[in-house]
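Structural features, examined
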Amino acid sequence: MSKALNDFRLKLAGKEYVPIFVGGMGVDISTAELALEAARLGGIGHISDAMVPTVSDRRFKTNYVQEKQKKYKFNIGNVDKSLVQFDLERLAEAQKLFVSRTMDSKKGDGAIFINCMEKLTMNSPRDTLQTRLLAAMDAGIDGITLSAGLHLGSMELMKDHPRFRDVMIGVIVSSLRALRPFLKRAAKFERLPDYITVEGPLAGGHLGFGADDWHEYSLKKIVNEILNYLNENDLNIPVVPAGGIFTGTDGVEFLESGASAVQVATRFTVTEECGLPEKTKHHYLEAVEEDIIVNTISPTGYPMRMLRQSPGIADGIRPNCEAFGYILDNSGHCQYVDAYNRELDKNEGKISVQDKTCLCTQFRKFRIWTCGHNVYRLKDTTHKLEDGKYKLLSAEDVFNDYQFSKDHMIKLPERKTSTASEISLAAA
Ligand SMILES: Cc1cc2nc3c(=O)[nH]c(=O)nc-3n(C[C@H](O)[C@H](O)[C@H](O)COP(=O)(O)O)c2cc1C
């Protein structure tokens, strides 16, 4: 008898969940609304704390970005950005506001986790990461997923918080090599992770593989290596594969070979609840396989997968570290700032920076269209309407399809809501 993901349950810290994580997608692509739906349906939803002051300004009419920009206005023309620091109190305030508002709206038996990327170094990596982690726990988050980095110091940053042992903590790795030192550090604090997300080469966002060799890796192989290692060392930690899991049956195959849940994201980018602008969702739906590229334009140093039509590619926008500055390293450097200044020295006209992108501004404006490799299959998950556009889905449609579908089938959404074009056709 073929199985569905619904035939399995994930056990985490004494509770049972539908074994589906909706992955974190910054900047506010995996919105609170999307995460809340996953939790309502019994799974695990992620918000992301990428650029949380910006997200807070948008959602709650706070003024963090303008305030920071005003404070450092004098530095805008300066190549040296080392002076531009985040106010940690303000950062904590934004994080608490975002997390607590989300948690206040939670319904159902699932959980809400937050994705915290170490690579958002924010000109003071240790302090800003610690501020984000502690504030998320203060505000009642159910779990923290440590991502985009090795996080060798992150357990220590959290160890004195009263919730250190009750909040769920997971880490994203792309290899056993990256996992081993993390576990070693965690063991020092007698605080092993509650789950390990294993992100393979087909995932969206930043990749833990080379831009040229990602296709040589296989998620199944890495997951098996990690499962074997955990077994051999008597470590009973749930493993959550991610990257390219497109049908419920793809997920079932992982659960049957020892994984405890799956993490998925790309299929949710075309839901109503996803934070991407509607037009961008349609670009995702219309993508063909040739549109998908992995490049090194992210100033984090990690390769990233995206649609080649992303308007943020080869743009020459002036860096705005005074307002943002999330990628500034601990000495105030960002690869985009360097690349921009190099072009500025060569050019007098309009600048185009080919090799790097301004991640802060471009992500804030949703102009880098990052996606998983299977983005080109999204068109098979919905209906094409009379106006040639695809019908957007609801997060519930996609979640239920992952949970209940069998034999690699994908259930298309009901045609219950009429679009404007359908209504006008009907009226004609
Ligand atoms: C649009 C988009 C944005 C993403 N942003 C992040 C992020 O900010 N942090 C992170 O750890 N992973 C990020 N990811 C990776 C997802 O959380 C997830 O692990 C992965 O994409 C799952 O594979 P799938 O998209 O093939 O289902 C992103 C993925 C997508 C599609």
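The preceding data block contains the structure.
Residues numbered from 1 in each chain as written. Predicted model: local features only at pLDDT ≥ 70, side-chain atom pairs only at ≥ 80, totals over all residues.

1. Comments concerning the overall build of the protein chain
Of the regular secondary structure elements, the protein chain holds 14 helices and 13 strands. What you see for the protein chain is a C-alpha radius of gyration of 21 Å, in line with the 22 Å of a compact globule of 428 residues. Overall, the C-alpha framework of the protein chain stretches about 65 × 65 × 45 Å when taken along its three principal axes. Once local pairs closer than 6 in sequence are excluded, the contacts in the protein chain between residues at least 24 apart make up 74%. (Helix = DSSP H or I, 4+ residues; strand = E, 2+ residues; numbered from the N terminus. Rg over C-alpha atoms; globule rule 2.2 N^0.38 Å. Contact = placed C-beta atoms within 7 Å.)

2. Some thoughts on unusual backbone geometry
A cis amide bond links G26 with the next residue in sequence, V27, at an omega value of -5 degrees. Non-glycine residue H151 carries a positive phi angle of around 55 degrees. You can see H151 is positioned in the loop between β6 (143-147) and α6 (154-158). One non-glycine residue, A314, lies in positive phi territory at about 65 degrees. When you line up the elements, A314 lands in the loop between β13 (304-307) and α11 (335-346).

3. Some points on the sheet that holds β13
The sheet built from three strands is open, its strands ordered β9-β13-β12 with antiparallel pairing. Since the sheet does not close on itself, it has two edges, and those belong to β9 (205-206) and β12 (292-295), each with one partner. In this sheet, β13 lies alongside β12 in antiparallel orientation, the contact comprising four bridges. Looking at the pairing, I293 lines up with M306 of β13. (Pairing = 2+ DSSP bridges.)

4. Topic: the site of the ligand
If you check the shell around the ligand, you find 30 residues, and the closest are G23, G204, G205, T266 and G372. Going through the elements one at a time, β5 (111-117) and β11 (262-264) are the ones with two or more residues in the shell around the ligand. Of the residues assigned to the shell around the ligand, the class counts are 13 nonpolar, 16 polar and one charged. (Near = placed C-beta within 6 Å. Nonpolar A, V, L, I, M, F, W, Y, C, P; charged D, E, K, R; others polar.)

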